[in-house]
4 protein chains.
Amino acid sequence: MIIYVSNMSTKMPIQEGDLVLFLYRGKKEFKKVVKRVRKGEYFHTHVGTVSYDDIIGLEWGSLIRTSIGGEVLVLKPTLSDLMEQIPRRTQIIYPKDAAFMVIKAGVLPGSLVVEGGTGSGSLTLCLSSAVGESGLVVSYETNKDFLKLASRNLKRFGVKNVILKNKDIREIEEKEVDAIFLDIGNPWDVFEQAYRALKPGGALCSFVPSYEQMRRTVLSGRESGFGAAEVYEVLLREYEVDERRTRPKPWMIGHTGFIVLMRKVVDVNL
Amino acid sequence: MIIYVSNMSTKMPIQEGDLVLFLYRGKKEFKKVVKRVRKGEYFHTHVGTVSYDDIIGLEWGSLIRTSIGGEVLVLKPTLSDLMEQIPRRTQIIYPKDAAFMVIKAGVLPGSLVVEGGTGSGSLTLCLSSAVGESGLVVSYETNKDFLKLASRNLKRFGVKNVILKNKDIREIEEKEVDAIFLDIGNPWDVFEQAYRALKPGGALCSFVPSYEQMRRTVLSGRESGFGAAEVYEVLLREYEVDERRTRPKPWMIGHTGFIVLMRKVVDVNL
Amino acid sequence: MIIYVSNMSTKMPIQEGDLVLFLYRGKKEFKKVVKRVRKGEYFHTHVGTVSYDDIIGLEWGSLIRTSIGGEVLVLKPTLSDLMEQIPRRTQIIYPKDAAFMVIKAGVLPGSLVVEGGTGSGSLTLCLSSAVGESGLVVSYETNKDFLKLASRNLKRFGVKNVILKNKDIREIEEKEVDAIFLDIGNPWDVFEQAYRALKPGGALCSFVPSYEQMRRTVLSGRESGFGAAEVYEVLLREYEVDERRTRPKPWMIGHTGFIVLMRKVVDVNL
Amino acid sequence: MIIYVSNMSTKMPIQEGDLVLFLYRGKKEFKKVVKRVRKGEYFHTHVGTVSYDDIIGLEWGSLIRTSIGGEVLVLKPTLSDLMEQIPRRTQIIYPKDAAFMVIKAGVLPGSLVVEGGTGSGSLTLCLSSAVGESGLVVSYETNKDFLKLASRNLKRFGVKNVILKNKDIREIEEKEVDAIFLDIGNPWDVFEQAYRALKPGGALCSFVPSYEQMRRTVLSGRESGFGAAEVYEVLLREYEVDERRTRPKPWMIGHTGFIVLMRKVVDVNL
């Protein structure tokens, strides 16, 4: 009998320089904060102060007490935590949308993926994780400030399989691309170039907030040689469970955006 | 300037033995069917017949005509297509749920993941893709018929990083597991064993259809040493866009299940 | 102490000619059927046959047994039951939408309401109930077949405060109307006439299935002197509760239409 | 040809003492405020001040300018506006839920309706409107402060067909009641008394926030002689339409409560 044991880095205790997710009771909801732990520094919360010196060397998942007895849970941040907590200057793509886009577009470990509109890098982070070490993400962003922020964010998370380009996605240089993701206001302006860059059957996935953009994306896509169009919206409902009762949370995010999926079609005369 | 080119298998033309997604106009909706192409065989649809001999050698993404002029699009099935089309004897976990579970549980390329309740193997397939070649999925299933079907399904899709065990998940043997996924009726019966098998901070993700199970999962989890509980429901809305108009589809899936996420907590006295 | 007692007709036992709602267990779901009871006639179900002679004289709410022992519940149909069961040749407006439209448009007992597009009469029925005996509904329908059906439906339900007109709603003759409801494909074609017919501040409520119609309704409305535009969509989730478990129903109606509410604005120079 | 003209009070111009809905552009959203206009008084907004003396005598629906040129729309508040703006000390029932409850429970002009848990009186107001002048609402509330507030609210809106009782709904005195509405934490404690008070086939409608209450309501109801149970949740999506684009609002109310409908069943031996 073989017993398998994970060789992921999380089996190591917490080390200086690690990103850590602190979870503690806020006034209404639980609060989640991602911080990098540094010797001699502190994390201040309304339930008390945490010394990073106490954290370093602990196991992930430790429940600790602050200076004033408050409880803080110390976790390895997941991809979802990092995406939600990413320092941002733009609207980000949320995990609920990013995860669905990736699975629907057929992104796999090893894929070559191109992104138009890096923004703060939240979708980039998700794509980077999906293609793995053997894959590659190339992301285009014209705004230099966004690109600087995204670059810092990706470095912060130790990402190594992403190339950021300070160019318009219309200048896309990659070939035989497995999937292209567009998080820009006018995806239809890129369809001609995207068609050429994609491999036959490759996926074009656009994320747009308004109905007008969603409609134009589908109709323009058809004219540019894309087919198999599907349009989705992912709604996430969160629930509260405590000793007394179970119920959906009283507020929810009502809308982030529409996901438009298409595939590059090649007309064939048999 | 380096120009990156995908090295994924999809740049190869369609070959004998490949799984192919056929997409064609049905009576009301587009139809999607996954088939394995074999020389000398045919695929029959209400828009006409497709000879596999004509398919082999074509590029993915080809739009072909059937014997009677019907249009059929030939695509490389995505992970989502395979999950939705998986031969099944059980209720499956849909891509909308599986993708969100994976991103929330922090599964990455290289992770060691254990699944309780293989069923038809749809979530298994998604986990296999998420952990990649450097990771591993171990899946437990007591029902021999389900296991046989799942085994056939995974083989059919060429999956190599999954180990199926015909055992109860309570006999879980793995250690330092990154994440455990439970798709069984009584997840709380496994919490003690799951706690031991997980690494500190590791994720326990349960998928349950009813509110009673959801509640019990959260409350029992707390008693078993799990924390940071979150409960989600993913609702998917699909849209129709044609020349005339844009609107949400008149029917939708109203409920699949609740996703309960928890993390293994280790109490620490600093 | 005064004790109040209802003087509604339902305190009378079931009489020949009454509309009755039969409720009984179907193969998957409970079935609801509205029938008019006639002496000497029968209602046939898969749980057995009910003789109307047995029904007449019973109290509403009676649980009876069929010829073969099946259980059938005999209820006074509510407004909602009648709307859902209305004989139809058009898409109807469902109770979830109609009830919200009525409350948002400020319809009260005594109101004068005009409807454009009678269709099968389902919204008409709801409006009739809302304005009561002291109010009036005038409904326009160009299609004679629809009008005949609607007329039959309203007569069947004993409605007395509705006037049906076989005219285009653009020929609206009423003045100082409290609220106008439009269930037609091109509501903007009527806005000029609707504006004149409404009293200042009066409500214009349009029900449209597509986003293009919804958008055009709002933008054209503004140009025609309407203000305070609000756009809503009502989603209804149904739950299953039995001894074993509680959960949302696996299927739901994904879309019926958008509700656009506006008010007639009069520009004033103080 | 008879031309019908509304005889509702809204055809009168605005008079001293009327409740008025002021609608004006807020920082993010439109703001709606209900006020009673009094000679010599003012309404102050961030778009300027409105003198009630200027309002009195205007037509409903007037668009006026404030002292500093801001635009304010002056509307007759609808039932829905009044319910949403009701002064409150409790969680209120929203129009989306109240309207659906009323239509599903079969409340009509003339009905005798009993309410358990008056709260701030928002549902009471809706019931009062639905039963009209020929009907009656009797509402029970044990909390004297709530009752005082509800009484003030109903008086403020000129309601005349409601009787408030400072008693527990378990002491319900009415007979042959058409429908009973319960907005209390433990509706099952009242089922025995509600069954006796209802006419055969009468509707019992409970509004409860949690799953546990919803489930217990259904199961206890069955044991107490109620049948035809249906459980609903009404979700309301709001849309933004402006010159540039159309989209669902980014935030929405995620949960208010579950609506449980049942009917009084009388077992009959034919």
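Residues numbered from 1 in each chain as written. Chains lettered and ligands numbered in written order. Predicted model: local features only at pLDDT ≥ 70, side-chain atom pairs only at ≥ 80, totals over all residues.

### Let's talk about the overall build of chain A
In step 1: Looking only at helices and strands, chain A features seven helices and 16 strands.
In step 2: Projected onto the principal axes, the alpha-carbon positions of chain A cover approximately 70 × 50 × 40 Å.
In step 3: For chain A, buried positions account for 53% of its 270 residues.
In step 4: For chain A, contacts bridging at least 24 residues in sequence account for 62% of all contacts bridging at least 6. (Helix = DSSP H or I, 4+ residues; strand = E, 2+ residues; numbered from the N terminus. Buried ≥ 20, exposed ≤ 12 C-beta atoms within 10 Å, placed from the backbone. Contact = placed C-beta atoms within 7 Å.)

### Comments concerning helix H3 (residues 95-104) of chain D
All names here are of chain D.
In step 1: Of all 10 residues that make up H3, 10 are buried, and the element is covered over most of its length.
In step 2: Pro95, Lys96, Asp97, Ala98, Ala99, Phe100, Met101, Val102, Ile103 and Lys104 are the residues of H3 that are buried.
In step 3: Downstream of H3 by a residue or two, Gly106 has a phi angle that is positive, lying close to 75°.

### Observations regarding the relation of the copies chain B and chain A
In step 1: For the pair chain B and chain A, the superposition axis carries a translation of 0.0 Å, the fit reaches an RMSD of 0.0 Å, and the rotation angle comes to 180°. Taken together, the rotation and translation relating the two chain copies correspond to the operation of a two-fold axis.
In step 2: A shared interface surface links the copies, since 100% of the contact residues of chain B are contact residues in chain A too. (Least-squares fit on C-alpha atoms with pLDDT ≥ 70 in both.)

### A word on the interface of chain B and chain C
Accessible area lost when the parts come together is the quantity often used to give the size of an interface.
In step 1: Taken residue by residue, the interface counts 16 residues in chain B and 16 residues in chain C.
In step 2: Those elements that place two or more of their residues in the side of chain B that touches chain C are helix H7 (211-223), strand S13 (246-248) and strand S14 (251-253) of chain B.
In step 3: Classifying every residue of the side of chain B that touches chain C gives seven nonpolar, four polar and five charged.
In step 4: Two elements, S14(B) and strand S14 (residues 251-253) of chain C, share three bridges in a ladder whose sense is antiparallel. Bridging from a neighbouring strand, B:Trp251 pairs with C:Ile253 of S14(C). (Nonpolar A, V, L, I, M, F, W, Y, C, P; charged D, E, K, R; others polar. Pairing = 2+ DSSP bridges.)

### Some points on the interface of chain B and chain A
In step 1: The interface of chain B with chain A comprises 76 residues on the first partner and 76 residues on the second.
In step 2: Sort the elements by how many residues they give to the side of chain B that touches chain A and strand S12 (residues 226-241) of chain B lands first, with 12 residues.
In step 3: Of the pairings in the sheet, the one linking strand S16 (residues 266-267) of chain A to strand S5 (residues 62-65) of chain B comprises two bridges and is parallel in character. Within the sheet, the bridge partner assigned to A:Val266 lies in S5(B) and is B:Ser62.

### What about the nonpolar core?
Soluble globular proteins tend to pack their nonpolar side chains together in the buried interior.
In step 1: A:Val102, B:Val102, C:Val102 and D:Val102 are the most contacted members of the largest nonpolar core, which totals 338 residues.
In step 2: In contact with A:Val102, not counting residues within four places along its chain, are A:Val107, A:Cys126, A:Leu127, A:Ala130 and B:Ala99. (Core = buried A, V, L, I, M, F, W, Y, C linked by C-beta atoms within 7 Å.)

### A short note on the sheet that holds S16(A)
In step 1: The five strands are arranged S16(A)-S5(B)-S6(B)-S1(B)-S2(B) in an open sheet whose pairing can be described as mixed. Each of the sheet's edge strands pairs with one partner strand only, and the pair in question is S16 of chain A together with strand S2 (30-36) of chain B.
In step 2: Where strand S1 (residues 19-25) of chain B meets S2(B), seven bridges bridge the pair, whose relative direction is antiparallel. Following the sheet pairing, B:Val20 is matched in S2(B) by B:Lys35.

### Some words on the confidence of the model for chain A
In step 1: Scored by pLDDT, chain A comes out at a mean of 92, with 95% of its residues at no less than 70.
In step 2: The complex prediction reports pTM at 0.95, with the ipTM value standing at 0.94. (pLDDT = per-residue confidence, 0-100.)

### Structural notes on the relation of the copies chain B and chain C
In step 1: Each copy of the sequence occupies a distinct position, and chain B is placed on chain C by a rotation of 180° and an axial shift of 0.0 Å, giving an RMSD of 0.0 Å.
In step 2: Here 100% of the interface residues in chain B have copies in chain C that are interface residues too; the copies meet face to matching face.

### A few points about helix H5 (residues 144-156) of chain B
All names here are of chain B.
In step 1: Spanning 13 residues, H5 covers 18 Å between terminal C-alpha atoms, matching the ideal 18 Å at 1.5 Å per step.
In step 2: The set of residues buried in H5 consists of Phe146, Leu147, Leu149, Ala150, Asn153 and Leu154. Down the axis, H5 shows its buried residues gathered within 165° of arc, on one side only. Turned more than 90 degrees away from the buried face of H5 sit Lys144, Asp145 and Lys155, all of them exposed.
In step 3: In this structure, the buried side of H5 is in contact with helix H4 (122-131) and strand S9 (162-165).
In step 4: Just past H5, the residue Gly158 takes up positive phi, approximately 75°. (Expected span 1.5 Å × (residues − 1). Arc of directions from axis to C-beta.)

### Some details on the environment of A:Gly257
All names here are of chain A.
In step 1: Looking at the secondary structure, you find Gly257 in the loop between strand S14 (251-253) and strand S15 (258-264).
In step 2: Sequence-wise, Gly257 and Glu230 are 27 residues apart; in three dimensions their C-alpha atoms are separated by 14 Å.
In step 3: Apart from the residues within four sequence positions on either side, Gly257 is in contact with Asp97, Phe207, Val208 and Pro209.

### Remarks on the sheet that holds strand S2 (residues 30-36) of chain C
In step 1: If you trace the five strands from one edge of the open sheet to the other, you get S2(C)-S1(C)-S6(C)-S5(C)-S16(D), paired in mixed fashion. Looking at which strands have only one partner, the edges of the open sheet turn out to be S2 of chain C together with strand S16 (266-267) of chain D.

### Examining the pairing of strand S9 (residues 162-165) of chain A
Residue and element names in this part refer to chain A.
In step 1: Taken together, the four bridges between strand S8 (residues 136-140) and S9 define a ladder with parallel strand orientation. Bridging across to S9, Ser139 finds its partner in Leu164.
In step 2: In this region the chain leaves S8, passes through helix H5 (residues 144-156) and returns to the parallel neighbour S9; the handedness of that crossover is right-handed. (Right-handed = clockwise from strand over helix to strand, strands pointing away.)

### Thoughts on the domain arrangement of chain A
In step 1: The assigned domain composition of chain A is domain 1 (9-77) and domain 2 (80-264).
In step 2: Placing a centre on the C-alpha atoms of domain 1 of chain A and another on those of domain 2 of chain A gives a separation of 31 Å. (Domains from an automatic or database assignment.)

### A few points about unusual backbone geometry
Residues and elements named next belong to chain A.
In step 1: A positive phi is found at Ala228, a non-glycine position, where the angle reads about 55°.
In step 2: Tracing the backbone shows Ala228 in strand S12 (residues 226-241).
In step 3: Among the residues examined, Ala228 registers 20 C-beta atoms within 10 Å and is labelled buried.

### Looking at the environment of C:Gly257
In step 1: Exposure remark for C:Gly257: the 21 C-beta atoms within 10 Å place this residue in the buried category.
In step 2: With 22 residues separating them along the chain, C:Gly257 and C:Leu235 place their C-alpha atoms 9.9 Å apart.

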